[in-house]
Structure formats: C-alpha cells, structure tokens
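Chain by chain, the residues run as shown.
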Amino acid sequence: MRDVNLLAVPNQSFTVTINGVLWELTVKVARGTMLADVKRDGADLVLGQRIVAEFPILPYRHLSHQGNFAILTRDGELPWWE
C-alpha cells in the first residue's frame, strides 16, 4: 500500500506513477459528497464515482487489476475536503 496525500481543497487533480502505471485522479465536491474520476495510462476507468470511506474507488475487479485507491477517514466518516 502507498499513501498519496491530498490537499485540503474542494477540487483537485493529480497524477502519480506506481509500478510504471500512470494514474490520473480528479477529486471533486458535489452536494454533500465527494466524487472521483480515475484514468489509467490515459484511459478513463470511472467518471463521477462516489467516494465512500475505506471502499475501493474502482468498483469492479476487472478495472483494478493494476491497482486501486481508497480514502481513509477517521471513524469511517464520509470523506469531505475540509
């Protein structure tokens, strides 16, 4: 497992290379919840995926064979940018 730190801002995009795979993530706020877009090597995997604490952002096994992401929060609360 690798930690990727997020900024305390409502919307952000970043890239990270892990084991030769380029990941592009966009995290955004939408009506009391947070959403994510994930690209792997330039290909869209999910768009507007709701982020739930401690659950994988890529919801299907066939999308996550090269890795996955999860947001960890205190006490399993819904992730929020603040």
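Quick look at the structure, then. (Residues numbered from 1 in each chain as written. Predicted model: local features only at pLDDT ≥ 70, side-chain atom pairs only at ≥ 80, totals over all residues. Heavy atoms only, no water.)

Remarks on the overall build of the chain
Here is step 1: If you tally the helices and strands in the chain, you get zero helices and four strands.
Here is step 2: Along the chain, helices (α) and strands (β) appear in the sequence β-β-β-β when read from the amino end.
Here is step 3: In terms of overall size, the chain behaves like a compact globule, its C-alpha atoms giving a radius of gyration of 12 Å where 82 residues would be expected to give roughly 12 Å.
Here is step 4: Across its three principal axes, the chain shows a C-alpha extent of roughly 30 × 20 × 20 Å.
Here is step 5: Across the 82 residues in the chain, those meeting the buried criterion constitute 30%.
Here is step 6: Long-range pairs, those at least 24 residues apart, make up 22% of the contacts in the chain between residues at least 6 apart in sequence.
Here is step 7: Charge separation in the chain, taken as the distance between the mean sites of 8 positive and 9 negative side-chain charges, equals 5 Å. (Helix = DSSP H or I, 4+ residues; strand = E, 2+ residues; numbered from the N terminus. Rg over C-alpha atoms; globule rule 2.2 N^0.38 Å. Buried < 20%, exposed > 50% of the residue type's maximum accessible area, 1.4 Å probe, protein only. Contact = heavy atoms within 4.5 Å. Lys, Arg positive; Asp, Glu negative; His and termini not counted. Charge placed at Lys NZ, Arg CZ, Asp CG, Glu CD.)

Re the nonpolar core
Here is step 1: Grouped together as the largest cluster of nonpolar side chains are 18 residues, with contacts concentrated most on Trp23, Val38, Ile51, Ile57 and Leu58.
Here is step 2: Contributing elements (two or more residues each) for this core: β1 (12-18), β2 (21-30), β3 (33-40) and β4 (43-50).
Here is step 3: Of all the elements, β2 adds the most residues to this core, at four residues.
Here is step 4: Among all residues touching Ile57, those that are not within four sequence positions of it are Ala36, Val38, Val46, Gln49, Ile51, Asn68, Phe69 and Ile71. (Core = buried A, V, L, I, M, F, W, Y, C linked by side-chain atoms within 4.5 Å.)

Thoughts on the pattern of salt bridges
Here is step 1: Enumeration according to the criterion identifies two salt bridges in this entry.
Here is step 2: Put simply, Asp44 and Lys39 hold a salt bridge, and the shortest N to O gap is 3.9 Å. (Salt bridge = Lys/Arg side-chain N within 4 Å of Asp/Glu carboxyl O.)

With respect to the environment of Leu25
Here is step 1: Assignment of secondary structure puts Leu25 in strand β2.
Here is step 2: Under the relative-accessibility criterion, Leu25 is labelled buried at 4%.
Here is step 3: Placed 57 residues apart in sequence, Leu25 and Glu82 show a C-alpha to C-alpha distance of 18 Å.
Here is step 4: With residues near it in sequence (within four places) discarded, Leu25 still touches Gln12, Ser13, Phe14, Asp37, Val38 and Phe69.

Focus on the pairing of β1
Here is step 1: Burial along β1 is one-sided: the face carrying Gln12, Phe14, Val16 and Ile18 is buried and the face carrying Ser13, Thr15 and Thr17 is not.
Here is step 2: What sits between β1 and β2 in their antiparallel hairpin is a turn of two residues, with Asn19 showing a positive phi close to 50 degrees. (Pairing = 2+ DSSP bridges.)

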